[in-house]
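So you can see what is in the structure, the chains are spelled out below.
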Amino acid sequence: MSEPLTELAKRRGFYFQSSGAYGGTAGFYTYGPQGAALKRNVIDAWRERFITQEGHMEIDAPTVMGEPVFEASGHLDTFDDMIIECPACERSFRADHLVEDETPIEDAEAMSFEAIEETIAENELSCPSCGESLADVAVSAFNLMFETNIGPGSSAPGYLRPETAQGIFVEFPQLKEYARNQLPFGVAQVGRAYRNEISPRRSIVRVREFTQAELELFIDPERDTPPIDRVQNVTVPLYSATAQEGDGDVVRMTIGEAVEDELVEEWIAYYLAIAAEWYESVGIDMERFRYRQHRPDELSHYASDTWDAEVSVDGNWIELTGFAYRGSYDLTKHDDHSNEEFTIFRQYDEPVTVEEPSVDPEMSVLGPEYGSEAGKIADELASLAESDPDAFDAESVTVTVGGESYTIDTDVTNFSRTATKNGEHITPHVVEPSFGVDRLLYTILAHNYREDEVEGERRRSLSLPSSIAPTTVGVFPLMTKDGLGDRARELARKLRVAGFTVTYDDSGQIGRRYRRQDEIGTPFCVTVDHESLEDDTVTVRERDTMAQERVPVDDLKDYLTDRT
Ligand code: ATP
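Residues numbered from 1 in each chain as written. Predicted model: local features only at pLDDT ≥ 70, side-chain atom pairs only at ≥ 80, totals over all residues. Heavy atoms only, no water.

Here we take up the site of the ligand. In the vicinity of the ligand there are 14 residues, among which Glu-197, Arg-206, Val-207, Glu-319 and Leu-320 approach most closely. Separating an oxygen atom of the ligand from a side-chain N or O atom of Arg-439 is a distance of 3.1 Å. When isolated, the ligand has an accessible area of 590 Å², and the protein chains bury 84% of it. Among the secondary structure elements, those contributing two or more residues to the shell around the ligand are strand 11 (209-219), strand 16 (316-327) and strand 21 (429-436). With three residues, the top contributor of residues to the shell around the ligand is strand 16. Across the shell around the ligand, the residue classes break down as four nonpolar, four polar and six charged. (Near = heavy atom within 4 Å. Polar contact = N/O pair within 3.5 Å; in protein donor to acceptor, adjacent residues only side chain to side chain. Areas by Shrake-Rupley, 256 points an atom, 1.4 Å probe, with all protein chains shown as cover. Helix = DSSP H or I, 4+ residues; strand = E, 2+ residues; numbered from the N terminus. Nonpolar A, V, L, I, M, F, W, Y, C, P; charged D, E, K, R; others polar.)

Moving on, we come to unusual backbone geometry. Peptide bonds are trans in most cases, and residues, glycine excluded, mostly fall at negative phi. Backbone torsion omega between Leu-183 and Pro-184 reads -5 degrees, so that peptide bond is classified as cis. Along the chain, Pro-184 falls in the loop between helix 8 (172-178) and strand 10 (185-194). Backbone geometry places Asp-314, a non-glycine residue, at a positive phi of 50 degrees. By the secondary structure assignment, Asp-314 is in the loop between strand 15 (305-313) and strand 16. For Asp-536, which is not a glycine, the phi torsion comes out positive at approximately 55 degrees.

Within this structure, the stated rule accounts for 25 aromatic pairs. With a centroid separation of 6.3 Å and an interplanar angle of 75 degrees, the aromatic rings of Tyr-15 and Tyr-31 are classed as edge-to-face. Separated by 16 residues along the polypeptide, Tyr-15 in strand 1 (residues 15-17) and Tyr-31 in strand 2 (residues 29-31) bring together distant segments of the chain. Across the pair, Tyr-31 and Tyr-15 agree in class, each one buried. Ring plane angle 35 degrees and centroid distance 5.8 Å describe the contact between Tyr-279 and Phe-435, whose orientation is recorded as tilted. With Tyr-279 in helix 11 (residues 266-281) and Phe-435 in strand 21, this pair connects stretches of sequence that are 156 residues apart. If you follow Arg-290 out to its NZ or CZ, it ends over the ring of Trp-317, 3.9 Å from the centre. Positioned above the aromatic ring of Tyr-559 is the side chain of Arg-563, whose terminal nitrogen or guanidinium carbon lies 3.6 Å from the ring centre. (Phe/Tyr/Trp six-rings, centres within 6.5 Å; stacked < 30°, edge-to-face > 60°. Buried < 20%, exposed > 50% of the residue type's maximum accessible area, 1.4 Å probe, protein only. Lys NZ or Arg CZ within 6 Å of the ring centre and 35° of its normal.)

This part takes up the domain arrangement of the chain. Domain parsing of the chain yields domain 1 (3-79 + 144-330 + 431-438), domain 2 (347-420) and domain 3 (462-563). Computed from C-alpha atoms alone, the centre-to-centre distance between domain 1 and domain 2 is 54 Å. (Domains from an automatic or database assignment.)

Put into structure tokens, the structure is as follows:
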């Protein structure tokens, strides 16, 4: 992010490093009034598109979860980054980032520890902090989860969630009830996630506490298909794994073509389409945007297809969102590790008959005849039906209980070779779009930052879409005297009541006030002047064109509604 924009972000209250009074804490940022409003608006827009319009559910799970959850999910064992510690100054660095920063290698995350060590040695890389050689220093694994203790003592370790997704997966047995046991259904969550990043950097792009907006869509892989027809004409820039491995480049094609060519898994394709349209609506510059497919060497073992939404800021590509087809991995893991079933009952269209030998002994006969042994005899008959169904072809069968043989008439066993089934339990597959909100805000600011010159002065502005701008209208009196201040205040109040986010400002020259609003991306400014007292009109000035128009106060609400 350019220097002037970073400065603007702090000065105008978008975000700044937190706990500055104590020297700041690396990797933690506070959103100021403008940033918090922008974030809220972006999250609201996300909810509207990915939850409300898609008919999904939203939950709000705790940010701390016990160790068994992360044992099952695999985070405890494998949620690691590569760390290298300088032997001289003892500062630690992310080894793959060091390699990416100092060599032409672009994606070192996919390299093995050994390959990273070799690359560091071959390129004679040194400590970015003190310059000591790192040539023979070992690279090791560093788990990114923040650990804590639940309750006093250390007997119940817990972790701050490194992603919001697990809060959804662990509740699947409950959530499927709310979905009336019908697939497909989607559950979303917007909330904080925590990763003890080795080297936080680029302000809010890589932080230790951030906000995710994740959607987990549970589908029946054999029955459910996405509504591709709704989005098939959406054009998206695709940078496929094959293109990355060869000399290929980004190709713009419609989602319909991408699915037909089997370039993208169809559920993922659906989300790539709706996300592309959504990104544009919140102000991402689609000329600096691409979907990049994970190459086989970086694909998680459980994912069959993953694409990242990436944006370019100052010439660097940043991952904004991961779209992953996770298969049945997550639910199977929790099913194996917990006491609950993470499956759903798939009803057949019609009952089917399957080979499944069974008995249903007549206890009214066995009971009186064999007394307390009758139950055990029935169990043995059931075992025999499974192990040797042909034995029931004879007139009678013999089973042994407590060393004693019992011969039973086959008729009494009600033996049957087949069973009628109405359905079966299946483990749903998961399709996951995982959005990082902070990186999105960073990109929205970077892609909408403008500098131009007005009357010999530099003007900085943010051309934010009005739907997400922290403030929609700035209301100014030309001067406070002659009743203009009171008129303007009253107008500001009325606009607030009408649902607009309004700032009232009467300090300094009008030009300065415009500049202040331009810098926070306010799309409209309304000025009350002497003419307003006479004819009840105001001047409305638009941010990007700076065009001014006289509008009757009575029409103002509609005028602004039409344009925001
Ligand atoms: P990276 O490779 O950049 O570390 P990731 O692949 O580990 O990211 P995911 O686990 O897919 O990220 O998380 C989903 C989204 O959460 C990312 O696309 C990103 O927007 C966001 N995210 C992940 N880690 C961070 C972080 N440390 N700071 C800010 N946002 C993050």
